[in-house]
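Summary of structural features
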Amino acid sequence: MTKPLSDRIYQAQCLGNVEPIEYMTPYPNLHGLVEGQNVKHHGKMIYKDLGMTNLDFYSNVQKIANWLVKTGLKPKERVWVHPQQFPHTELIVFGIWTVGASVILAEKPEQNIDHIITPDHIIETDPIPDCFENQDDTFNPTYKPNLDDEALIFVSGDKGIRLSHYNLLVNANDVQRKLDLFDDGTFHVDLKPNSTAWVILQAILPLYTGAPVTKENPDLTIGHEDADYIVNFDWTEISESNQLYILPENTAVVSVGNSGMHMTTIKQNESHLFVEGHSVMMGYTDDKDNEKVFTGESLVLQLNP
C-alpha cells in the first residue's frame, strides 16, 4: 500500500532516522534571524561598502513591515516580489517575512505566473525610500511563523517550488559550515534576485554568518567566473571542487564542490537524482507534480527531463 503523499514528502525530508525538527537551527523563523543578528552585532556592518550596519538593516526591515501592513498585507498571504536594486530586494523580502507572509520569486520575472500561483500582492516597482516615510522602526507582529510554515515560492518554468522557513535556515547553515564562513570573515556575492541561490547566498547568508559583504578584498567570493566558488545552475554531474551546485527542489545548494552537504544525501544514476534531507522542499504547488517526484522515501528527479 502506497503511503499518503504528505508522509512521502516528510520521509524525503528526513536524513536517515534524523527528522527535520526545530533544534537543528537556533532561530524560530527568518525574522528571528534578523533580530538575533541585531542583538549580537547591531553595530557591525552587514553591507560594508554601503556603510549599512545590522541595526540599520533591522530598522529598515521594521519600517517596511509597518508599510506592508498599511498597504493591506496580512500574515500567510503571498507577495510576488520583482527584482529591485541591491539591497532593496533583500530588505523587502525580510519585511514580508517579518509580517509573517510568504515571498514569491520568479526565475523569469516577466512571465505570467497565474497558472502556477496567484499572488495576493505584487511589488513591481521599487517602494524604497518612499515606504520609509512616517514609518515606525519597531514592529509588533500579529503572527510569528513556525519553522515549518511556508516562506518562499520559487517559480521556475511551469512549477512553483514551496520552501519553508526551516528549509531556508538549514540550507544556509549547511552552506556556512561548508564554506567555513563566520563573523570574523568577509565575502562578496553578486547574484540577481531571481533564484533560490540568491535567497540563500545573498539575502540570508550575510545575516546567518555575520560576515559583512564587501567588494574590497573579501576573504571569499561567490558567483562569477573567477570567484572562489562558482554558482552552477545548469549541471548533470557533481565533480568540480569550486562549484556550488544549485537544486531549487533542495532549497538552493545541494552540494558544495563534490563533498555534499551536512544535512543532505544525494545519489545518482544515469537518468535520476535521489535526494534526502532537511533542505528538501515542502513540495510543488501542484500535487500532480508532487506525485511524480515523491514516489518512495526520496525526492526523485530526472537529470535530463
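Relevant structure appears above.
Residues numbered from 1 in each chain as written. Predicted model: local features only at pLDDT ≥ 70, side-chain atom pairs only at ≥ 80, totals over all residues. Heavy atoms only, no water.

1. Some thoughts on the overall build of the protein
Helix and strand content of the protein: seven helices and 16 strands. Taken over the C-alpha atoms alone, the protein extends approximately 60 × 45 × 40 Å along its principal axes. Within the protein, the fraction of its 305 residues that count as buried is 58%. With an accessible surface of roughly 13,800 Å², the protein has 46% of that area assigned to carbon and sulfur atoms. Charged side chains in the protein number 21 positive and 43 negative. The centres of these two groups are separated by 4 Å. (Helix = DSSP H or I, 4+ residues; strand = E, 2+ residues; numbered from the N terminus. Buried < 20%, exposed > 50% of the residue type's maximum accessible area, 1.4 Å probe, protein only. Areas by Shrake-Rupley, 256 points an atom, 1.4 Å probe, with all protein chains shown as cover. Lys, Arg positive; Asp, Glu negative; His and termini not counted. Charge placed at Lys NZ, Arg CZ, Asp CG, Glu CD.)

2. Here's the deal with the packing of helix H2 (residues 30-41) against helix H6 (residues 196-209)
It is the contact of H2 with H6, at a shortest axis distance of 9 Å, that shows an interaxial angle of 40°. Taken together, the axes of H2 and H6 are oblique relative to one another. As H2 packs across H6, the resulting crossing turns out to be left-handed. In this structure, H2 contributes Leu30, Leu33, Val34 and Gln37 to the contact, and H6 contributes Ile204, Leu207 and Tyr208. For the contact of H2 with H6, the per-class residue count stands at six nonpolar, one polar and no charged. (Axes fitted to C-alpha atoms, helices over the stretch in contact; angles between N-to-C directions. Parallel < 35°, antiparallel > 145°, perpendicular 65-115°, else oblique. Left-handed = near helix turned anticlockwise from the far one by under 90°. Contact = heavy atoms within 4.5 Å. Nonpolar A, V, L, I, M, F, W, Y, C, P; charged D, E, K, R; others polar.)

3. Side note on H6
What sets the pattern is the α-helix's 3.6 residues per turn: residues three or four places apart point alike. Along H6, the sharpest kink reaches roughly 35°, centred on Ala203 and followed within four residues by the proline Pro206. For H6, the side-chain oxygen to backbone nitrogen distance between the N-cap and Ala197 is 3.4 Å, and the N-cap itself is Ser195. Of the residues trailing H6, Gly210 is marked for its positive phi of about 75°. (Bend = angle between axes of the 7 residues up to and from the residue. Polar contact = N/O pair within 3.5 Å; in protein donor to acceptor, adjacent residues only side chain to side chain.)

4. Here we look at the packing of aromatic side chains
Applying the stated rule across the entire model yields six aromatic pairs. Geometry around Phe132 places Lys63 over its ring, the cationic atom sitting 5.8 Å from the centre. Its end group placed over the ring of Tyr284, Lys159 keeps NZ or CZ at 5.8 Å from the ring centre. (Phe/Tyr/Trp six-rings, centres within 6.5 Å; stacked < 30°, edge-to-face > 60°. Lys NZ or Arg CZ within 6 Å of the ring centre and 35° of its normal.)

5. With respect to the pattern of salt bridges
A complete count under the given rule lists four salt bridges for this structure. Ionic pairing is found between Arg8 and Glu291, a salt bridge with its closest N-O pair at 3.2 Å. Here Arg8 is found in helix H1 (residues 5-13), whereas its partner Glu291 is found in helix H7 (residues 287-293), with 283 residues between them in sequence. With a relative accessible area of 7%, Arg8 lands in the buried category. The salt bridge partner of Glu150 is Arg162, with a shortest N-O separation of 2.7 Å. Pair noted here: Glu150 is in strand S6 (residues 150-156) and Arg162 is in strand S7 (residues 159-164), with a separation of 12 residues, a long-range link. In the salt-bridge network here, residues are joined through shared partners; they are Arg78, Glu150 and Arg162. (Salt bridge = Lys/Arg side-chain N within 4 Å of Asp/Glu carboxyl O.)

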